[in-house]
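Now for the letters of each chain:
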Amino acid sequence: QKEVEQDPGPLSVPEGAIVSLNCTYSNSAFQYFMWYRQYSRKGPELLMYTYSSGNKEDGRFTAQVDKSSKYISLFIRDSQPSDSATYLCAMSAGETSGSRLTFGEGTQLTVNP
Amino acid sequence: GAVVSQHPSWVICKSGTSVKIECRSLDFQATTMFWYRQFPKQSLMLMATSNEGSKATYEQGVEKDKFLINHASLTLSTLTVTSAHPEDSSFYICSAARGLSGNTIYFGEGSWLTVV
């Protein structure tokens with residue numbers, strides 16, 4: 001069983017839709033949760049960084065963490081064609097930048113104009 | 001913002017030759033850098049953690065003699081794929097840690113390696 005599970009999609013939505021992306025994990029030691037956006041043939045870009053359970057909002061993006069269920073989500077409101085990319089969840093047990101990240105498989109999202 | 005640069009962006013090499021990929025932090029010093037490989041439509045797999053001035057820590061299953069990592073300065077880490085084979089063809093990505101917190105990790109643009 002993978003430590004982090006993420007539905008690879010593909011997910012296709014119309015412009016303006018609310019997008020929900022999710023990951024589940026099995027390692028209860030994970031405390032730091034991240035969402036990255038990766039455009040085709042590019043390196044990942046950090047979107048959201050959260051610690052423990054709760055919600056965090058940044059513009060059109062909201063990250064949710066439910067540690068009791070080992071489930072994290074990323075919501076994108078008013079989705080735009082420019083949001084079309086692969087979204088990767090990542091998590092780590094430690095806070096420091098030396099802590100290794102474990103990534104999900106990534107969900108490919110297409111927002112259609 | 002922080003920028004991590006990788007070079008080359010893509011490279012084609014013959015089987016049996018060695019290829020070096022550079023990862024530079026352009027506007028900050030990075031004591032820790034990470035090297036990943038990513039196959040098409042798959043996630044990033046951590047290969048090794050590179051600390052400036054010390055030997056890299058390799059993940060289980062990664063051959064350290066095949067994937068040589070050198071982190072000689074606070075702004076440069078290199079990955080050398082030795083005696084490359086077609087199965088080494090992949091997207092290699094580095095990341096660099098700008099600070100102590102996990103949200104200060106920045107990724108490079110990646111390097112596509114094709115071994116023919």
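The structure reproduced in this document is the subject of the present report.

Residues and elements named next belong to chain B. On the basis of which strands lie adjacent, the open sheet formed by four strands has the order S1-S3-S8-S7 and antiparallel pairing. Only two strands of the sheet have a single neighbouring strand rather than two, namely strand S1 (4–7) and strand S7 (67–73). Within this sheet the neighbouring strands show an average axis-to-axis angle of 15 degrees, counted without direction. Both S7 and strand S8 (residues 76–81) contribute to a ladder of five bridges, which runs antiparallel. Bridged to Leu68 within S8 is Thr80.

For the rest of this paragraph, the subject is the interface of chain B and chain A. Between chain B and chain A, the residue contacts involve 24 residues of the former and 21 residues of the latter. Inspection of the region where chain B meets chain A yields two salt bridges. Arg100 of chain A is paired through a salt bridge with Glu59 of chain B; the nearest N and O atoms lie 2.6 Å apart. Counting across the chain B and chain A interface gives four residue pairs in polar contact (both at pLDDT 80 or more). Looking at the side of chain B that touches chain A, the elements that each hand over two or more residues are strand S4 (32–38), strand S5 (44–51), strand S9 (90–97) and strand S10 (105–107) of chain B. For the side of chain B that touches chain A, the residue count by class is eleven nonpolar, ten polar and three charged.

Residues and elements named next belong to chain A. Strand order in the open sheet made by the five strands is S1-S3-S8-S7-S6, with antiparallel pairing throughout. Where the open sheet ends on each side, the last strands, each with one partner, are strand S1 (4–6) and strand S6 (54–58). Between one strand axis and the next, the sheet turns by 15 degrees as a mean value, whatever way the strands run.

To continue, consider the pattern of salt bridges. All names here are of chain A. By the definition in use, this model includes eight salt bridges over all chains. Residues Arg37 and Glu45 are paired through a salt bridge, measuring 3.0 Å at the closest nitrogen-oxygen approach. The class for Glu45 is partly exposed, based on a relative accessible area of 36%.

Any space left empty among the atoms is revealed by the rolling of a water-sized probe across them. Put simply, the largest pocket is a space of about 520 Å³. If you trace the largest pocket, you find 22 residues lining it, with Thr86 and Gln108 of chain A together with Pro40, Lys41 and Gln42 of chain B closest to the centre. Listing elements by their share of the lining of the largest pocket, those giving two or more residues are strand S9 (85–92) and strand S11 (107–112) of chain A. Residue classes in the lining of the largest pocket are distributed as eight nonpolar, ten polar and four charged. One number sums up the size of the second largest pocket: a volume of about 420 Å³. Thr102 and Phe103 of chain A together with Leu44, Met45 and Leu46 of chain B are, among the 18 residues lining the second largest pocket, the residues nearest its centre.

Residue Pro10 of chain A is reached from Gly9 of chain A by a cis peptide bond, and omega for that bond is 10 degrees. The residue Pro10 of chain A is located in the loop between S1 and strand S2 (11–14) in this model. Between His7 of chain B and the following residue, Pro8 of chain B, the backbone shows a cis peptide bond with an omega angle of 0 degrees. Relative to the helices and strands, Pro8 of chain B resides in the loop between S1 and strand S2 (10–13).

As a further point, take the environment of Glu109 of chain B. Relative to the assigned elements, Glu109 of chain B resides in the loop between S10 and strand S11 (111–115). Sequence separation of Glu109 of chain B and Phe67 of chain B is 42 residues, and the distance between their C-alpha atoms is 19 Å. Not counting residues within four places of it along the chain, the set of residues in contact with Glu109 of chain B comprises Arg41, Lys42 and Gly43 of chain A together with Val4, Gln6 and Phe91 of chain B.

What counts, and at which threshold
Residues numbered from 1 in each chain as written. Chains lettered and ligands numbered in written order. Predicted model: local features only at pLDDT ≥ 70, side-chain atom pairs only at ≥ 80, totals over all residues. Heavy atoms only, no water. Pairing = 2+ DSSP bridges. Helix = DSSP H or I, 4+ residues; strand = E, 2+ residues; numbered from the N terminus. Axes fitted to C-alpha atoms, helices over the stretch in contact; angles between N-to-C directions. Contact = heavy atoms within 4.5 Å. Salt bridge = Lys/Arg side-chain N within 4 Å of Asp/Glu carboxyl O. Polar contact = N/O pair within 3.5 Å; in protein donor to acceptor, adjacent residues only side chain to side chain. Nonpolar A, V, L, I, M, F, W, Y, C, P; charged D, E, K, R; others polar. Buried < 20%, exposed > 50% of the residue type's maximum accessible area, 1.4 Å probe, protein only. 1 Å grid on protein atoms, 1.4 Å probe; cavity = no way out; pocket = protein on both sides within 12 Å on 5 of 7 lines; lining within 4 Å. Points joined across faces, edges and corners; volume = space filled by probe spheres on them.

Spatial relationships are all this shows, so hold off on functional conclusions.
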